[in-house]
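# Breakdown of the fold
Here is what each chain is made of, one letter per residue.
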Amino acid sequence: LHEPWWKIRRSAPLLGEHNSEVSSSEFQVSSSQPLTPSPQPLTPSTHSLLTGVRVTDFSWVWAGPFCALHLAHLGAEVIKIEPQVHSDPARRLAYYPADMEPGVNRCALFNQWGQGKKSVLLNLTTEKGLGIVKELIAQSDVVLQNFATGVMDGLGLGYEELKKIKPDIVMASISGYGHTGPHRNYMAYGPAIPPLTGLSSMTGYEGGLPQEVGMAYGDPTSGIHAAVAICAALAARTRTGQGQHIDVSLWESVAALVPEGWMDYVMNGTQPARQGNRDPWMAPHNCFRCAGEDEWVTIACGTETEWHSLCQVIGQPRLADDARFRTATARKANEEVLEQILTEWTTAREKWEVTRGLQAVGVAAFPSMSGKDLVEDPHLNARGFFERLAHPEVGVRTHMGMPWRLTHAPNGVRSPAPVLGQDTDQVMRDILGYSAQQIARLRDECVLY
């Protein structure tokens, strides 16, 4: 954060360190004092949490768009600035419906991360195009970008310039390594980040090599970190009247999620051993093959009660008293044999049969889900996790919606991802006050498209 309105106040507390503080008289309610009645229950609001917040969004691909998606979910008006040349690569990737020709409005990734946003198509290489962008920033609360370090400065849209346009603007910049430090000008891509954070070093099977983790964790992780920081900066602005430049790096965003690796070295000078799906203490704790083609279920047994219940479900109650498995330490020492016994049981059963049988007695178990499993899952559908909004070109498709449910604000995505430039006229007219004639003239001049 550019403006130092916060700091880490203290280290993590010792157990019970603040008991006396909390129990002091200033925290006690005298029995002679009248109790404050509970407030009236809140009624659902038609306004979202960020209603009235406008975001000028220059971001592309995944990290920035994932941030902007969550701001849109929270009710912000997100206006995506799209150039005619070098449009968002996410619009051009080869993820489109099998029954359609490729097109800039048909990429599944863009249509997932673009939900709830607006699209303005203009020419940033022209002086007038940059002028329009600056007019929009003057009417905005947040500017978001995830270009390489220095790109926005080169356009004349760095934070110091934006402050001249809108002194209390909140700007968030997402990059691979941040905008300060010796690596600030290095190129970065999401898939390279897990190895840089040690996550790949911790991933893999016992005795094996480090492994890839299967996705570009740096992108969505930095995006959600940026969204949280933007909300914090907007809250701080109501107290201080000041804006903020938020500098988010993919590297640090993922590194912050790998505490066991960092702390093992900091405290012990050692590197955590790779252990596949196993756990240092719990056994059984693994992914077990079930009946069918590539069907699996995870099982994790955390307590003695759970272990005894598992033995009952699999029809081998005597296992609980077997010297090899009587304690957690013994089970861990004989994990190979224990997993063979469980695999014999799971491979003869369907994954949901295993899941329901174990969950019924309080043992953590759940299938490994495929894309088909997720889209058809009755629980996720009952909670309204999926959105099926009609898109102008690809029609009704299933997309992931909001990963939360708000009690006193509307839920649900407001609109499908925009087709390229669909909101140009509306933004120019309703926000910036341009007439139809002025808009037409700017199109003739190839400033707008």
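This text follows the structure it describes.
Here goes a summary of the coordinates provided. (Residues numbered from 1 in each chain as written. Predicted model: local features only at pLDDT ≥ 70, side-chain atom pairs only at ≥ 80, totals over all residues. Heavy atoms only, no water.)

### Focus: the overall build of the chain
We count it as follows: By the criteria applied, helices consist of DSSP H or I runs no shorter than four residues and strands consist of E runs no shorter than two, each listed in order from the N terminus. Relative accessibility under 20% of the residue-type maximum defines a buried residue, over 50% an exposed one, and the middle range a partly exposed one, all with a 1.4 Å probe and only protein chains included. Contacts are residue-level and defined by heavy atoms, with any inter-residue pair within 4.5 Å sufficient. To measure how exposed things are, a 1.4 Å probe is used in the Shrake-Rupley method; for residues, cover is taken only from the protein chains shown. The sign given to each residue is positive for Lys and Arg and negative for Asp and Glu; His and the chain ends receive no count. All charge positions are set by atom: Lys at NZ, Arg at CZ, Asp at CG, Glu at CD.
A count of helices and strands for the chain gives 19 helices and 13 strands. By its C-alpha atoms, the chain is 85 × 70 × 50 Å across when sized along the principal axes. Counting only residues that meet the buried cut, the chain has 41% of its 449 residues in that class. Long-range pairs, those at least 24 residues apart, make up 68% of the contacts in the chain with a sequence separation of at least 6. Taken as a whole, the chain presents about 24700 Å² of accessible surface, with 56% of it coming from carbon and sulfur. Taking the 38 positively charged and 48 negatively charged side chains of the chain as two groups, their mean positions are separated by 4 Å.

### Side note on the environment of threonine 51
This is how the line gets drawn: Definition of a polar contact: a pair of N or O atoms within 3.5 Å, with one able to donate and the other able to accept a hydrogen when the atoms are protein atoms, and with sequence-neighbouring residues admitted only if both atoms are side-chain atoms.
Residue placement: threonine 51 occurs in the loop between helix 1 (19-23) and strand 1 (54-57). When the C-alpha positions of threonine 51 and glutamate 77 are compared, they lie 7.5 Å apart, and in sequence the two are 26 residues distant. Ignoring sequence-local partners within four residues, the contact set of threonine 51 consists of Leu74 and Gly75. Within the structure, threonine 51 has its side chain in polar contact with the backbone nitrogen of serine 48 (distance 2.8 Å).

### Details of the packing of aromatic side chains
For clarity, the threshold we go by: Stacked, tilted and edge-to-face are the three classes applied to pairs of Phe, Tyr and Trp rings, where Trp contributes its six-membered ring and a pair requires centres within 6.5 Å; stacked means planes under 30 degrees apart, edge-to-face means over 60, and tilted covers the rest. The rule for a charge over a ring is simple: NZ of Lys or CZ of Arg within 6 Å of the ring centre, and within 35 degrees of the ring normal.
Counted by the stated rule, this structure contains 8 aromatic pairs. Between tryptophan 307 and phenylalanine 325, the aromatic rings sit 6.2 Å apart at their centres with planes inclined by 65°, giving edge-to-face as the arrangement. Residue tryptophan 307 is located in helix 12 (residues 304-313), and its partner phenylalanine 325 is located in the loop between helix 12 and helix 13 (328-333); the two are separated by 18 residues in the primary sequence. Each member of the pair, tryptophan 307 as well as phenylalanine 325, carries the same accessibility label: buried. Of the aromatic side chains, those joined through ring pairs into one cluster are Trp62, Phe66 and Trp113. In this arrangement the basic side chain of arginine 91 is found over the ring face of phenylalanine 110, its NZ or CZ atom lying 3.8 Å from the centre.

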